[in-house]
Amino acid sequence: MTDSQPRRRTARRRFTAAIAVRIAVGLLTVALVLSIAAPSAFADSFPANGFPKADARTGLPEGWNPGPERYGVGEQKNVELPMADGVVLRADVRYPTDASGAPASGPFPIVLTQTAYGKDSGGFMRLLSYEGLGPLLRNALPSVIDVAEQISDAAGYGDYFVKRGYISVIVDIRGTGSSGGQWSILQPQEREDSERVIHWAAGLPHSTGEIGLWGLSYLGMSELFTAGVLEPDSPVKALFPLMPGNHAFQDLLDHDGFYNTAFLASMLQFPITLLPQLDPILGLYREPDKMASVFVDHLLAHFRSDGTWPSVFDALLDGDKAYNGPYWESRAIDNVVERIAANDIPTYLVGGQYDLLQDGTPRTFAGLQNAYAGRSHNGPMPADASSSGRFQMLTGPWFHVQPGEQRNTDIDLHSIQLAWFDRWLKNDRNGIDETKTPLHAIDINGNVIESATYPMRETPTRNLYLAAGGRLTPDRPVVPTGSDRVTFSPVNGGTICNASFSRNFSGVYELLTTMAGLDDPCAQFPAHPDVPGLLDNPQYTTDPFTEPTVLGGPIGATLFAVSNTPASAFSVTVQDIAPDGTARALTDGQLAGNFRALDADRTWRAPDGSVLGAFHPGTRESMLPVIPGQVTEYNVKIRPAFHVFEPGHRLQITIGSGDAPTHIVNPKDYPALLGGVYDVQRTEGAASFLTVPLAAAGMHR
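Residues numbered from 1 in each chain as written. Predicted model: local features only at pLDDT ≥ 70, side-chain atom pairs only at ≥ 80, totals over all residues. Heavy atoms only, no water.

Q: What's the story with the pattern of salt bridges in this structure? I'm lost.
A: When the charged atoms of two side chains with opposite charge come close together, those side chains can pair. Taken as a whole and assessed by the stated rule, the structure comprises 29 salt bridges. Here Arg-174 ties to Asp-193 by a salt bridge, and the two come within 2.7 Å at their closest N and O atoms. Here the residue Arg-174 occupies a position in the loop between β4 (167-172) and α7 (189-202), and Asp-193 occupies one in helix α7, the gap between them amounting to 19 residues. Given the relative accessible area of 6%, Arg-174 is considered buried. Counted as one network, the salt bridges with shared partners bring together Glu-75, Arg-94, Arg-126, Glu-131 and Asp-159. (Salt bridge = Lys/Arg side-chain N within 4 Å of Asp/Glu carboxyl O. Helix = DSSP H or I, 4+ residues; strand = E, 2+ residues; numbered from the N terminus. Buried < 20%, exposed > 50% of the residue type's maximum accessible area, 1.4 Å probe, protein only.)

What follows is the structure in structure tokens.
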């Protein structure tokens, strides 16, 4: 134990109790999880703070309403689209019909989605939600039907728009659904296919030839890549990507040296392995010869060198896919934002505080705004930057598959999307683009926080220093000695019931609990408890805030530490501590010590030069050894948060050595990590600190 390690009995009791709850809940069955109500300490306890509260009108232009349904829906199934190499993609076209059931004359603009999860599995969910059994079960199982509708929306079901005068097209990407060929994640071939798809769709009967692209997750990534290869004045006139991220390697698979095993667990078995084999049966069962051909194509994709399973094993065995490089850079949205801005394609992004892509989506927003204004797209927006309503972002406390839903923020996302497409595809000057604050953030309590820039100009960065006694203070230390100890443990974190696992497990917990009318109870808990004698993770806490205070964006932790081993690992969590001691997880970040090099062009810095948003290149060539006994600087990227701290609440960070089982380090590094002890410095010469965008709420008014 170092000279200044405090006992913090109150904090230990609080976190010891919290870890007991987490372990118990994590081991229970889903049924038991569903029965646990979310803690009430944060539910309705905050006083008024001057921020508007989110409601069904949030995000909509003043005086604008979506209007009634005007059309019926007709469908043309499995339209075949031959690609340049002969592979056949298949699309469903759903179009407005008149009172007789005949195609309405139009002309109508097009909303188009390209999906990797199968249009026919999405159609199956439609029959369980909006159609078929859904209306019959609405009164008996409202929460279950709500979830089914959310999954249908996520899969690209677009009848909301068809009934209001749009043609909806959903295309199975190469190697998925009912389409032939072989798939690998975000392969460049998809972009070549997309160009042909766009020009085919623009020529559909009864259409205006103008297209809006939309989709969630992979579907949103796909539309951004499509827009990034189109020529100026293409048929694509607007984008509405939900939860798309910015860089697949950094956002999804490798969090600065930590493999995102929770994400892989949520995706590998069903969405990526089983679904591609089920979809051809759902979509082509009436054409068995075509079904068999597509089934075999999809099966063979699993054995390609760039297929999912070979790629996972390659990464786990320290192959090239464990590191950033040409393979991953060719799949980075970051590399197409300049083309989208140059082509002037209005883009409305939707992100989520509890989304596993919570860092990447705001980076894409800043990149688009910067590029459109002629600035470098790589950096943060300057505090005095101009911004355009042609590029907007809405983010809130939502999980990956449920943007806009639950957690005190049930907004009308369908209507926001309709207003956006009406503006750019129907020339309805409804005012949605006429905003001086194109960044719209909603916190866990429904507070709406808006800004012209990201990071928010209203929350200038400040440095908070680690100090003796577990304090987090604006005063830089002046003492010559002082440190706190972190001991490496491969099970640090150790549960599947905490905010980090809930977020990175693709929001599956929230989907399940929503069916019971609850929020995911695990999402409250920070990932790093302090268990005396087992896990001794140092914690640092500010004084109580005396007025509402806004945390608005990315966070950087600059740690100076001495390791006794030739490898190191850090995980930093940020939480809100209520006056009664209840902890609410806000965000977190991880860094393996050998990944600590910085990409100078892509790293975000505060005006004083402090690292606010680290970008670690992650290439094999950029790896740095950890030298035992030497003070080393580590810049931990903590994913952004938008949150209002109420008076009496405190900001706290916890420093641990890992985030298992949500994240694990490269298996080859564990021998060098075992027995590791890291002394985190807080001295005049090596002052560890947090760089955080934090300011009194009054600056937003």
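Q: Looking at this structure, I do not really get the sheet that holds strand β24 (residues 663-665). What am I missing?
A: Sheet strands line up and pair through hydrogen bonds in the backbone, either parallel or antiparallel. The strand order across the open sheet formed by three strands is β7-β8-β24, and the pairing between neighbours is antiparallel. Because the sheet does not close on itself, it has two edges, and the strands there are β7 (254-255) and β24. Relative to the sheet, helix α10 (residues 261-284) contacts β8 (258-260) and β24, its axis offset from that of β8 by approximately 25°. (Pairing = 2+ DSSP bridges. Contact = heavy atoms within 4.5 Å. Axes fitted to C-alpha atoms, helices over the stretch in contact; angles between N-to-C directions.)

Q: How should I be thinking about the nonpolar core in this particular structure?
A: Within soluble globular proteins, side chains that are nonpolar generally end up buried alongside one another. With 101 residues, the main nonpolar core has Val-169, Phe-240, Ile-416 and Phe-421 as its most contacted residues. If one sorts the elements of this core by residue count, helix α16 (residues 413-425) sits on top with eight residues. Dropping the residues within four chain positions of it, Val-169 is found in contact with Ala-91, Asp-92, Val-93, Ile-110, Val-111, Leu-112, Thr-113, Trp-200 and Leu-204. With 43 residues, the next largest nonpolar core counts Ala-315, Leu-559, Tyr-634 and Val-680 among its residues. (Core = buried A, V, L, I, M, F, W, Y, C linked by side-chain atoms within 4.5 Å.)

Q: Any chance you could explain the sheet that holds strand β5 (residues 207-216) here in plain terms?
A: Reading across the sheet, the ten strands line up as β1-β2-β4-β3-β5-β6-β9-β10-β11-β12 and stay open at both edges, with mixed pairing between neighbours. Among the strands making up the open sheet, the edge pair consists of β1 (72-82) and β12 (448-451). With strand direction ignored, the average angle separating the axes of adjacent strands in the sheet is 20°. Pairing analysis gives seven bridges linking strand β9 (residues 347-354) to strand β10 (residues 391-399), with the strands arranged parallel. Looking across to β10, one finds that Gly-351 is bridged to Thr-395. The strands touched by helix α8 (residues 218-227) within the sheet are β3 (108-115), β5, β6 (236-242) and β9, with β5 carrying the most contacts at an inclination of about 135°. Against the sheet, α16 contacts β3, β5, β6, β9 and β10, and its axis sits at roughly 165° relative to β6.

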